[in-house]
Amino acid sequence: TEPTKVEGQFGGTNQNGTADISGIPVNINNNSSGQLSPGDKVQLQSGVNDGNLDVTSKHSNSNETTMDGILTAIDIKKGTVTIKMTGSLVTVNISHAQIESKNNGHRTYQISDLSHSIGSEIKLEGLSKKGKVLYADTVIVDEGH
């Protein structure tokens, strides 16, 4: 019966339908979850809907929004990469992003160079959403993992 509040960064939707908020799986009211993009800073509070939480505050800042995961696929023609994070696959357009390696003196890569990095940790920075497409300004591949 006590009000519940959660604050953190939205990491995506888990396979079981819960939302990942800074690593904590929570149930979000369906009317609220569609508004969120990975990287959004959110505040949630319990509502009247069966223990689901409502989004009470959302802050998106494309300059500071980042996403970390494992590189699982590349589509050179579309200019996209797919990364796995918190059990979900997220596809991001990197056609205009700067691509670099964390382990190779920050050498600049082309998207085609990423094919040998599948399975490596990847960090996407400067995320923004246009329509239903997620874009990144910077891609950093960690080939040491």
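Anyway, here's the lowdown on the structure attached to this text. (Residues numbered from 1 in each chain as written. Predicted model: local features only at pLDDT ≥ 70, side-chain atom pairs only at ≥ 80, totals over all residues. Heavy atoms only, no water.)

### Some words on the overall build of the protein chain
Heads up, the condition is: Secondary structure counts use DSSP, requiring at least four H or I residues in a row for a helix and at least two E residues in a row for a strand, with both numbered from the N terminus. Exposure is judged per residue with a 1.4 Å probe applied to protein chains only, and the accessible area is read against the type maximum: over 50% gives exposed, under 20% gives buried, and values in between give partly exposed. Any two residues whose heavy atoms approach within 4.5 Å at even a single point are treated as in contact. Values of accessible area rely on a 1.4 Å probe in the Shrake-Rupley scheme; residue burial ignores everything except the protein chains shown.
Each helix and strand counted, the protein chain has one helix and 14 strands in total. Looking at the protein chain as a whole, 41% of its 145 residues qualify as buried. Nonlocal contacts in the protein chain, meaning residues at least 24 apart in sequence, comprise 49% of its contacts between residues at least 6 apart. Summed over its atoms, the accessible surface of the protein chain is roughly 8300 Å², and 45% of this surface lies on carbon and sulfur atoms.

### Some thoughts on the nonpolar core
How we decide: Nonpolar cores are built from buried Ala, Val, Leu, Ile, Met, Phe, Trp, Tyr and Cys residues. Side-chain atoms within 4.5 Å join them into one set.
Counting 20 residues, the largest nonpolar core has Met-67, Ile-83, Val-92, Ile-94, Leu-114, Leu-124 and Val-139 as the members making the most contacts within it. Counting only elements with at least two residues in this core, the list comes to β6 (66-75), β7 (80-85), β8 (88-93), β11 (121-125) and β14 (138-142). For this core, the element with the most residues is β7, which contributes three residues. Met-67 has contacts with Pro-38, Ile-83, Met-85, Val-90, Val-92, Ile-122, Lys-123, Leu-124, Leu-127 and Leu-134, leaving out every residue within four places of it along the chain. One finds Leu-36, Val-42, Leu-53 and Val-55 within the second-largest nonpolar core, a separate group that totals eleven residues.

### A word on the environment of Asp-142
Checked against the element boundaries, Asp-142 lands in strand β14. For Asp-142, a relative accessible area of 8% puts it in the buried group. Along the primary structure Asp-142 and Ile-70 are separated by 72 residues, whereas in three dimensions their C-alpha atoms are 9.5 Å apart.

### Describing the pattern of salt bridges
When charged atoms on two side chains of opposite charge get close, those side chains can pair. Quick note on the threshold: Any Lys or Arg side-chain nitrogen found within 4 Å of a carboxyl oxygen on Asp or Glu counts as a salt bridge.
Taken as a whole and assessed by the stated rule, the structure comprises two salt bridges. A salt bridge links Lys-123 to Glu-125; the nearest nitrogen and oxygen atoms lie 4.0 Å apart. A relative accessible area of 30% places Lys-123 in the partly exposed class. Residue classification places Glu-125 among the partly exposed positions, given a relative accessible area of 25%.

### Some words on the sheet that holds strand β1 (residues 5-13)
Quick reminder of the rule: Pairing between strands is defined by DSSP: at least two bridges between the two strands are required. A fitted line through C-alpha atoms represents every axis, and for helices the fit uses only the stretch in contact; the resulting angles, taken between N-to-C directions, go from 0 to 180 degrees.
Strand order across the open sheet formed by five strands is β3-β2-β1-β4-β5, with antiparallel pairing between neighbours. In the strand order of this sheet, the two ends are held by β3 (24-26) and β5 (53-59), each with one partner. The mean angle between the axes of side-by-side strands here comes to 45°, regardless of whether they run parallel or antiparallel. Alignment of strand β2 (residues 19-21) against β3, held across three bridges, turns out to be antiparallel. Among the inter-strand pairings, Ile-21 is bridged to a residue of β3, identified as Ile-24.

### Some words on the pairing of β1
Across five bridges, β1 lies against strand β4 (residues 41-46) in antiparallel orientation. Paired with Lys-5 across the strands is Gln-45, a residue of β4. As paired elements, β1 and β2 share three bridges and run antiparallel to each other. Looking at the pairing, Phe-10 lines up with Ile-21 of β2. Counting the residues that bridge the hairpin from β1 to β2 gives five residues, and of these Gly-17 lies at a positive phi of roughly 95°.

On their own, these measurements won't tell you what the molecule is for.
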